[in-house]
Structure formats: C-alpha cells, structure tokens
Amino acid sequence: VTLVNAAAATMLGHETANLEGKSIISILPQIEGLLNQAHAPDKSGAKNLSQGEIPYTTPDNIRRTLLVRIAVDQTETGDDLRGAVLTFEDITELQ
C-alpha cells in the first residue's frame, strides 16, 4: 500500500499511517483472488480490471461486505507492473 484514502482507512477500521507500507493481502487476505485476476497478463497493454464482493471484519469486529474494484496498469508487453488502484465500497446494508 503506497497511498491510502482516509475514508477507505476508516471503512477498514485502521489509521491511514498503519496501512501505508503494508501488503494489501496482509490487511485483506480475502482479496487475493481478485488481485490474481487483475494481475493476469494482458498483452494488449490495456488496464486489467477485476471486481468482486468480499467479506471483511474490522479490528473492532464490525462485519462488512465490500465491493472491491481493482485496476492494474501494465506495460505494453504485460511483463512489468506500472501500478494498481483499488477502490472499496461498503455494500453491507444492500445485502
């Protein structure tokens, strides 16, 4: 995690500074499948996208359902990762 939105940190039940520098999988292990899908090589040079719902329990034991969207930007050959943007939406009340 390089940059953290304050609203996302609050949704996850963490302070912004506690998330920066950590692996997203250490924070949200349930996201691994979506990350793998988004990181699959795309030889066209387009951004890889994945989306899915994941269950999450905050450190204060608040259960949430998050809609996660991941956009990965790779080089044209698909061999090099330029970066990724993850967005979260709390859809708990919609369930």
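Up top is the structure these notes are about.
These notes cover the structure that comes with them. No experiment lies behind these values; they were computed from the predicted model shown.

Procedures and definitions
Residues numbered from 1 in each chain as written. Predicted model: local features only at pLDDT ≥ 70, side-chain atom pairs only at ≥ 80, totals over all residues. Heavy atoms only, no water. Helix = DSSP H or I, 4+ residues; strand = E, 2+ residues; numbered from the N terminus. Buried < 20%, exposed > 50% of the residue type's maximum accessible area, 1.4 Å probe, protein only. Salt bridge = Lys/Arg side-chain N within 4 Å of Asp/Glu carboxyl O. Contact = heavy atoms within 4.5 Å. Core = buried A, V, L, I, M, F, W, Y, C linked by side-chain atoms within 4.5 Å. Polar contact = N/O pair within 3.5 Å; in protein donor to acceptor, adjacent residues only side chain to side chain.

With that settled, the discussion passes to unusual backbone geometry. The backbone of N61 sits at a positive phi, close to 65 degrees, despite the residue not being glycine. Mapped onto the fold, N61 is located in the loop between β1 (48-57) and β2 (63-74). Of the residues examined, N61 reaches a relative accessible area of 63% and is grouped as exposed.

Let's shift gears to the pattern of salt bridges. Across all of its chains, the model carries two salt bridges by this definition. With a closest N to O distance of 2.8 Å, D90 and R64 form a salt bridge. Of this pair, D90 sits in strand β3 (residues 81-90) while R64 sits in strand β2, and the two are 26 residues apart along the sequence. Judged by its relative accessible area of 32%, D90 falls in the partly exposed class. Put simply, E89 and R69 hold a salt bridge, and the shortest N to O gap is 3.5 Å. Of this pair, E89 sits in strand β3 while R69 sits in strand β2, and the two are 20 residues apart along the sequence. Exposure remark for E89: the relative accessible area of 35% places this residue in the partly exposed category. The class of R69 is partly exposed, set by a relative accessible area of 35%.

Topologically, I27 is positioned in helix α3 (residues 24-27). Separated by 15 residues in the primary sequence, I27 and L12 place their C-alpha atoms 8.8 Å from one another. Residues within four places of I27 in sequence aside, it is in contact with V1, L12, H14, L19, K22 and Y56.

Right, let's talk about the nonpolar core for a bit. Membership of the largest hydrophobic core comes to 20 residues, with the highest contact counts inside it found for L28, I31, L66, V68, I70 and F88. Contributions of two or more residues to this core are made by α1 (6-12), α3, α4 (32-38), β1 and β2. Among all residues touching L66, those that are not within four sequence positions of it are M11, L12, L28, G52, E53, I54, Y56, F88, E89, D90 and I91.

When you line up the elements, S50 lands in strand β1. Take S50: its relative accessible area is 6%, and that puts it in the buried class. A polar contact of 3.0 Å, which involves the side chain of S50, links it to the backbone oxygen of L34. Apart from the residues within four sequence positions on either side, S50 is in contact with L34, Q37, A38, V68, R69 and I70.

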